Amino acid sequence: MESSSGAVGTVTATELAAALTVDLERIMGLYRSLTEPGGLSLTAAATLAAIERFGPQRLTALAAREGVTQPAMTQLISRLEDAGQVRRESDPDDGRVVLVTITDAGRATLAHRRDSRATRLAVILAQLSPDHLAALDAARPALDALASVPRDDDPARSTSH
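Residues numbered from 1 in each chain as written. Predicted model: local features only at pLDDT ≥ 70, side-chain atom pairs only at ≥ 80, totals over all residues. Heavy atoms only, no water.

Colleague: Describe the pairing of strand E2 (residues 86–91), and please don't skip the residues or the numbers.
Modeller: Judged from the six bridges that link them, E2 and strand E3 (residues 94–102) form a sheet pairing that is antiparallel. Note on E3: the bridge partner recorded for Asp 91 is Asp 94. Following E2, the chain reverses through two residues before pairing antiparallel with E3. (Pairing = 2+ DSSP bridges. Helix = DSSP H or I, 4+ residues; strand = E, 2+ residues; numbered from the N terminus.)

Structure follows, in structure tokens:
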């Protein structure tokens, strides 16, 4: 990567963070545009995906993870429950605690959403050069590592459910 002085060398984490922030904003805009109209909201999809990835979750942990209030998450979970996407269960370790679990219908909804986005993204990717496609493919392990870095502010780290 070329530094501000024009020299090619190692980029600092701060410089990379500044560049990636702008790039990720643009990528997120592209990603949002791939969503079929009338589908799940971003928060609903992210909540389902978190439950799918991390297992049954407490409402409070889901609200903290998605950056919404507990009443807002309670309403969202009620809507997802009414739609058959999630169910509430008692925590086997503490019967006073309610956990939210994804259903098979919720998994199917996420799979359909991902397939639909992948199909739309493939049309866009087909417009890139082979070199850019290879670079994106080569970047996948680094992107996965970035997304997998444990964060101190991640509620899933401080809560078992």
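The structure having been displayed, the exposition proceeds.
Colleague: An account of the environment of Arg 87 is requested, with residue identities and associated values reported.
Modeller: Counting through the fold element by element, Arg 87 comes out in strand E2. On the basis of relative accessible area, Arg 87 is assigned to the partly exposed category, the value being 37%. Sequence separation between Arg 87 and Thr 101 is 14 residues, and the spatial gap between their C-alpha atoms is 5.4 Å. In contact with Arg 87, not counting residues within four places along its chain, are Glu 81, Leu 99, Val 100, Thr 101, Ile 102 and Thr 103. There is a polar contact of 2.7 Å between the side chain of Arg 87 and the side chain of Glu 89. (Buried < 20%, exposed > 50% of the residue type's maximum accessible area, 1.4 Å probe, protein only. Contact = heavy atoms within 4.5 Å. Polar contact = N/O pair within 3.5 Å; in protein donor to acceptor, adjacent residues only side chain to side chain.)

Colleague: An account of the confidence of the model for the chain is requested, with residue identities and associated values reported.
Modeller: The share of residues in the chain with pLDDT of 70 or more is 89%, and the mean pLDDT across the chain is 88. Within the chain, the lowest mean pLDDT, 52, falls on helix H7 (residues 155–158), and the highest, 96, falls on helix H4 (residues 70–82). Across residues 1–8, confidence stays below pLDDT 50; counting only partners more than four residues off in sequence or on other chains, it has seven contacts. (pLDDT = per-residue confidence, 0-100.)

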